Amino acid sequence: MPRRQSDRSEESAPQASAEPAERPEREAATLSLSEIAYQRILEMLFERRLPAGAFVSQNDLVAIVGVPVAPLRDALRVLQTEGLLTIHPRSGIRFLKPDFEFARHTYQFRQVLERPAVRLFAELATTERMQSIRARHEAAIALLEATGFTPEVAAEAVALDALLHFEIIAALGNPLIESTYRRVHNYLQLIRLDRTLSAPIVLRTLREHLDLLDACLARDADRAEASLQAHFTQALQRTMGIF
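Overview of the structure. In this text the structure is predicted, and so the values were computed from the model without any measurement.

Once that is clear, we can look at the packing of helix α7 (residues 151-170) against helix α9 (residues 199-217). In the contact formed by α7 and α9, the axes pass within 11 Å of each other and the chain directions differ by 30°. With respect to each other, α7 and α9 are oriented roughly parallel. Note that α7 runs across α9; the crossing there is left-handed. Contact residues: V153, A157, L160, D161, L164, H165 and I168 in α7; V202, T205, L206, H209, L212 and L213 in α9. By residue class, the composition of the contact of α7 with α9 is nine nonpolar, three polar and one charged.

Printed below as a string of structure tokens:
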């Protein structure tokens, strides 16, 4: 199964380029061509070089992605299985454009995966690890308050969101669930492409994370689950533009 990668950009979507970017030599040495194609397509989606909802021919994708047609087809079949595109034979490839229902279903699926996970995280995660994550959140809030909303703050907020939620999922100790959650994370990045981050949004998100971490540090699984549920409700509203 091709490996997953993230992240998103807050810039407006540029047109997909016909010239593939140069890649480090180690990429070809460690990944198959189909895995390289998979990663490059995700990168282009998350960086808006391949707009969500775009309809692209297979020949155009070969030129854009920079891999031969056979491994490209393998990558496209995996992406179709994951729900990120639809292959239309003899016509082209339609990429997913997330809507409200897709966002709602994604957050519902997150709850199914993370609610039992956060209970285990609260019970089993080491105090040192939780305190480390909490300290990084506090540092991000201090930076935001000192410098205002900057690209550095935005990047750290995105990184902290992924860090905390992947740590929670890892508490289950189940590689199959972790693999599934990486796919969910890809969905989230597509959903968030049209969302503009701001200082108030980032501050609310980080403080919700702190509430969750405090519940976990207190080893209160019920409170941790309730904090997670409240966080997801607020996050979905932010995604939908309801503040």
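So much for the structure itself; the text now carries on.
Scanning the model with the defined rule gives 14 salt bridges in all. Across the salt bridge formed by E225 and R119, the nearest N and O atoms sit 2.7 Å from each other. One end of the pair, E225, is in helix α10 (residues 221-239); the other, R119, is in helix α5 (residues 100-124), with 106 residues separating them in the sequence. Between R134 and D214 there is a salt bridge, with its nearest N and O atoms 2.6 Å apart.

Rules of the game
- Residues numbered from 1 in each chain as written.
- Predicted model: local features only at pLDDT ≥ 70, side-chain atom pairs only at ≥ 80, totals over all residues.
- Heavy atoms only, no water.
- Axes fitted to C-alpha atoms, helices over the stretch in contact; angles between N-to-C directions.
- Helix = DSSP H or I, 4+ residues; strand = E, 2+ residues; numbered from the N terminus.
- Parallel < 35°, antiparallel > 145°, perpendicular 65-115°, else oblique.
- Left-handed = near helix turned anticlockwise from the far one by under 90°.
- Contact = heavy atoms within 4.5 Å.
- Nonpolar A, V, L, I, M, F, W, Y, C, P; charged D, E, K, R; others polar.
- Salt bridge = Lys/Arg side-chain N within 4 Å of Asp/Glu carboxyl O.

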